[in-house]
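Spelled out from the first residue to the last, the chains are:
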Amino acid sequence: MTPATASNTEDHPTEAKCLARSVAEVLAEEPTLEAVTVNHSRKTISVATLGRADVGRLTERVTQTIQEAEHASAQHPCALLSGEADCQACEPPLTPTERQAVTIRREGEATTIARVTCPTAPRFWRWRDIPWPRVVQRDVEFLEHAEHVDEWKPQLAAAILCGVFGLAGYFLGDSSWARYSFLLAYLAGGWYTAQEVWERLQQRAIDVHFLMLAVAVGSASIGAWEEGATLLFLFSFSGALEHFALGRTQREIRSLFKEAPKVATVLDESGRERELPVEQLQSGMRLLIKPGAQFPVDAEIAKGQTASDESNLTGEATPVEKAVGDNVLAGTLNLWGAVEVTVLRPAKESSLQKIIQLIREAQQQKAPAQLFTDKFGSYYTYSVLGLSLAMFFVWWLALGLSPFAAAGGKPSAFYHAMTLLVVASPCALVLSIPSAVLAAIAWGARHGILFRGGAAVEKLAGINVVALDKTGTLTTGELRVERVESFPPGREGEVGRLGYSLERLSTHPLARAITRYGKQQGLEAIEFDHFESVTGQGLQTRRGSKNCLLGRREWLAQGSHAATICQVPATEAGFNEVWLTEGDLLGRIILRDDIRPQARSVMEELRREGLRTVVLTGDRRATAEHLKVQLQLDDVRAELKPEQKVEAIRGLSQNGQRVAMIGDGVNDAPSLAAADVGVAMGARGSDAALEQAEVVLMHDRLENFLAAFQLSKRARRVIRQNLIISLGTVAVLVCFALLGKIPLTIGVVGHEGSTVVVVMNSLRLLFGSPPTKLSAAPDV
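Residues numbered from 1 in each chain as written. Predicted model: local features only at pLDDT ≥ 70, side-chain atom pairs only at ≥ 80, totals over all residues. Heavy atoms only, no water.

K.L.:
Can you explain the sheet that holds strand 6 (residues 263-267)? Please cite residues and give values.
P.N.:
Read from one edge to the other, the open sheet built from six strands follows the order 7-6-8-14-9-12, with strand pairing classed as antiparallel. Every other strand in the sheet has two partners, leaving strand 7 (273-277) and strand 12 (327-328) as the edge strands with one partner each. Pairing between strand 9 (residues 299-303) and strand 14 (residues 339-343): four bridges, direction antiparallel. Counterpart to Glu-300 in the pairing with strand 14 is Thr-342. (Pairing = 2+ DSSP bridges. Helix = DSSP H or I, 4+ residues; strand = E, 2+ residues; numbered from the N terminus.)

Printed below as a string of structure tokens:
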């Protein structure tokens, strides 16, 4: 049985499977998964991926695989899980075919199972730690269960019923009807809590739901029905409010995306129309998009003119004019013109899907502070259970209180222990960070800012240097060809056609402008025999016996046309030039790239925030100095290659600076990875830039970086407020509980009250609107 054809463990739950065989099956079915490292003694799992991976799905799949391997190992021992260096002792052992598909390496207590690949591939793997199946803390859901955004309504109804029946039982006194009324209150208040407890127990885990339900049952067992009903009412009511808050967060995300079209109108070579499901569209297909319809995939205008509404993707309400050669994004609306478009990529690779994937990944990447509270919370929960048990014996044996039943007008030791258990439970602490992070992520996504996880939300607030690329970041990136020149004059048409033919294979902003120019002029593309990109310089190709070069002035000036190029004056500041040569043909294409209208005001605001601005560009020094004067930048570094930009960022970091790098292209990806926080410009950014970025600014709106920075600072302040509220409440209530000076009812009110306050405090990040002129986060 090979990994590719292995039976699913869900179909054969009792099948004897060793860990290697289980992981091999997952590797065969998940093309982005490259390796899995398991440390059974330390209870840790790490996965390596290559390319854009669905981290949430991989986490669930690998975790389930490890669980199944452990379960099967109970009946059929697995050599790897038992500490052996190989799996040949497993019954049955791996077949030769299975062993050829994976490599098994043991280092100390860790075992790594990887797919067989080339020796250099592991350098590009991205390792992530995923949780081992264990006792869990109370957690929050985000987007993956977006269909449950209204589940707070039945929970609120159950809480209200619990309160009504609890009050009825209180007023009915000691009658038998009071007992029935309290039972109904327990049933209503504990219904959803019991479901949560059962789900956790099936996973061999407990959380605060279990603790609260245990206290409620314990209260009933000693006749404290009122306190138990009060606990369940407040706990279920706060749970409903939490789900309302998270549902509001999910709704903010879902409102970004309107109902996408299911079919598209495809045009064949003769112009005939036919309907085709969107998921079957392939690159190169020609589509007809009518006015009022959504663009089903990322595409390029091939015929006609129109304007598109991109507000659901970018937050920009102003329609964007579209003409031949312009790109349109999946999920945006065609406003008024019937246009023909050419599909650029399948629907699953569209900008819309990139955004959805980025948001899904955001849930998996927790903030550093949350990682600390998660780790602290696990030990804390066990400590609370141990302390409550120890204090029970102290109150009973040392202080002489009755163990279970109240005596002499004094509460029992069990009553005091339950009170301590309630007030010390870390409900508010566990929710204090994720609730604020998710609210910040939702507000940002709604306003064109995508945080790739809580770590980005927290780290962005700590930066003190902003490094920026020039083209596409401080400038619009929408370059236009001003003129084409040849030397000697007269061959401008050949220069334009050659430039179009070379640049149509590139995605750099300069290349996009030249490609758009060629399509608008109706130029015919030339086919080449060879194509090679020279990092930091340009392109070189071959056609027959002739070599073709396109790139920087300095690069081409090293060749046979050096004398002519040196005699041509450089372009004025604010213009870009691309030189090209083929045999005796020599020319240049001059392009203009305007500074963004908001760039200067954004730089001024960044200075007011105490941030230093540094521009890292490959352009000429004269152009960079002109930009420095225009925008009043702190520093500019010109004529840099991609590796020199990385060195510049590392130099800043080594001097104790915390750097955010803003870029958009493939050549910016190394710089984004080197920075403390990588920021990619727009849904049009390259996949390489998006992969490395922790923050994505939609629609290339530079002003949204300022909004992201302000939002990050406010989120950090809210997190600190939440931690003070949660920890302070616990400290005060625990002190009173240890002294026996607080009744269970007051403890429940304080415990659940702090939880509600924390969630509502986080919700303040979700509400509010940015200023009209400059996008910013709401005041908190």
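K.L.:
Describe in detail the confidence of the model for the protein chain, supporting the description with residues and values.
P.N.:
On average, the protein chain scores 78 in pLDDT, and the residues at 70 or more come to 78%. Mean pLDDT across the elements of the protein chain ranges from a minimum in helix 9 (residues 351-364), with 58, to a maximum in strand 16 (residues 465-468), with 94. Scored below 50 in pLDDT, residues 133-147 makes 58 contacts in the model with residues more than four places away or belonging to other chains. For residues 771-780, every residue scores under 50 in pLDDT, and the model assigns this stretch 31 contacts once sequence neighbours within four places are set aside. (pLDDT = per-residue confidence, 0-100. Contact = heavy atoms within 4.5 Å.)

K.L.:
Give me the lowdown on unusual backbone geometry, citing residues and values where you can.
P.N.:
Look at the link from Phe-487 to Pro-488: it is a cis peptide, with omega at 0 degrees. Locating Pro-488 in the fold gives a position in the loop between strand 17 (480-486) and helix 15 (492-503). One non-glycine residue with positive phi stands out, namely Gln-632, at about 55 degrees. Relative accessible area serves as the criterion here: at 38%, Gln-632 is assigned to the partly exposed category. Within the chain, Glu-639 stands out as a residue other than glycine whose phi angle is a positive 55 degrees. Within the secondary structure, Glu-639 is located in the loop between strand 24 (635-637) and helix 21 (642-654). For Glu-639, a relative accessible area of 41% puts it in the partly exposed group. (Buried < 20%, exposed > 50% of the residue type's maximum accessible area, 1.4 Å probe, protein only.)

K.L.:
Got a sec to walk through the nonpolar core? Specific residues and values, please.
P.N.:
Counting residues in each nonpolar core, the largest one holds 50 residues, and the members touching the most others are Phe-451, Leu-460, Ile-463, Leu-474, Met-603, Leu-702 and Phe-705. Contacts of Phe-705, omitting those with residues within four sequence positions, involve Leu-460, Ile-463, Val-466, Leu-606, Ala-660, Ile-662, Val-679 and Leu-697. Counting residues in each nonpolar core, the second largest holds 39 residues, with Leu-421, Cys-427, Val-730 and Val-748 among its members. (Core = buried A, V, L, I, M, F, W, Y, C linked by side-chain atoms within 4.5 Å.)

K.L.:
So, the pattern of salt bridges: which residues are in play, and what are the values?
P.N.:
In the structure shown here, the tally under the stated rule is 25 salt bridges. Between Arg-621 and Glu-625 there is a salt bridge whose closest N-O contact spans 3.7 Å. Separated by four residues within a single helix, Arg-621 and Glu-625 lie in helix 20 (residues 621-631), roughly one turn from each other. By relative accessible area, which is 40% here, Arg-621 ends up partly exposed. (Salt bridge = Lys/Arg side-chain N within 4 Å of Asp/Glu carboxyl O.)

K.L.:
Report on helix 12 (residues 427-446), specifying residues and quantitative values.
P.N.:
When the terminal C-alpha atoms of helix 12 are compared, their 28 Å separation across 20 residues agrees well with the 28 Å that a helix rising 1.5 Å per residue should span. Within helix 12, 19 of the 20 residues are buried, which leaves it mostly tucked inside the rest of the structure. Looking at the residues trailing helix 12, positive phi occurs at Gly-448, about 85 degrees. (Expected span 1.5 Å × (residues − 1).)

K.L.:
Which residues make up the sheet that holds strand 16, and what are the values?
P.N.:
The sheet built from seven strands is open, its strands ordered 15-27-26-25-16-23-24 with mixed pairing. Of all the strands in the sheet, just strand 15 (449-451) and strand 24 have a single pairing partner and so form its edges. Recorded for the sheet is a direction-independent mean angle of 20 degrees between the axes of neighbouring strands. Where strand 16 meets strand 25 (residues 659-663), four bridges bridge the pair, whose relative direction is parallel. Across the sheet, residue Leu-468 finds its bridge partner in strand 25, namely Ile-662. Its contacts with the sheet put helix 20 on strand 23 (612-616) and strand 24, and the angle it makes with strand 24 is roughly 165 degrees. Strands strand 15, strand 16, strand 25, strand 26 (677-681) and strand 27 (695-697) of the sheet are contacted by helix 24 (residues 703-738), whose axis makes an angle of about 45 degrees with strand 15. (Axes fitted to C-alpha atoms, helices over the stretch in contact; angles between N-to-C directions.)

K.L.:
Describe in detail the environment of Gly-331, supporting the description with residues and values.
P.N.:
Relative to the elements of secondary structure, Gly-331 occurs in the loop between strand 12 and strand 13 (333-334). The class for Gly-331 is buried, based on a relative accessible area of 7%. Sequence separation between Gly-331 and Asp-309 is 22 residues; the distance between their C-alpha atoms is 9.4 Å.

K.L.:
Explain the environment of Met-603 to me, and be specific about the residues and the numbers.
P.N.:
Along the chain, Met-603 falls in helix 19 (residues 599-608). We classify Met-603 as buried; its relative accessible area is 0%. Sequence spacing of Met-603 and Leu-633 is 30 residues, and the spatial spacing of their C-alpha atoms is 7.3 Å. Excluding residues within four positions of it along the chain, Met-603 makes contact with Leu-468, Leu-474, Thr-613, Leu-631, Leu-633 and Leu-702.

K.L.:
How would you summarise the pairing of strand 2 (residues 44-49) if you had to cite specific residues and measurements?
P.N.:
Counting buried residues along strand 2, five of its six residues qualify, which places the element largely inside the surrounding structure. In this structure, strand 1 (residues 33-39) lies alongside strand 2, joined through six bridges in antiparallel fashion. Bridged to Thr-37 within strand 2 is Ser-46.

K.L.:
Tell me what's going on with the packing of helix 12 against helix 25 (residues 744-763), and back it up with residues and numbers.
P.N.:
Two elements in contact, helix 12 and helix 25, have axes separated by 8 Å at closest approach and are oriented at 10 degrees. Put simply, helix 12 runs roughly parallel to helix 25. Side by side, helix 12 and helix 25 meet where Cys-427, Ala-428, Leu-431, Ser-432, Ser-435, Ala-436 and Ala-439 of the first sit next to His-751, Ser-754, Thr-755, Val-758, Val-759 and Ser-762 of the second. Considered class by class, the residues forming the contact of helix 12 with helix 25 number seven nonpolar, six polar and no charged. (Parallel < 35°, antiparallel > 145°, perpendicular 65-115°, else oblique. Nonpolar A, V, L, I, M, F, W, Y, C, P; charged D, E, K, R; others polar.)

K.L.:
So what's going on with the packing of aromatic side chains? Residues and values would help.
P.N.:
In the structure shown here, the tally under the stated rule is 13 aromatic pairs. Ring geometry for Phe-182 against Trp-225: centres 6.2 Å apart, planes inclined by 20 degrees, an arrangement best described as stacked. Linking Phe-182 in helix 5 (residues 176-202) with Trp-225 in helix 7 (residues 225-254), this pair joins segments that are 43 residues apart in sequence. Taken as a pair, Phe-182 and Trp-225 share a single burial class, namely buried. Taken together, Phe-392, Phe-393, Trp-396, Phe-404 and Phe-414 form an aromatic cluster joined through their ring pairs. (Phe/Tyr/Trp six-rings, centres within 6.5 Å; stacked < 30°, edge-to-face > 60°.)

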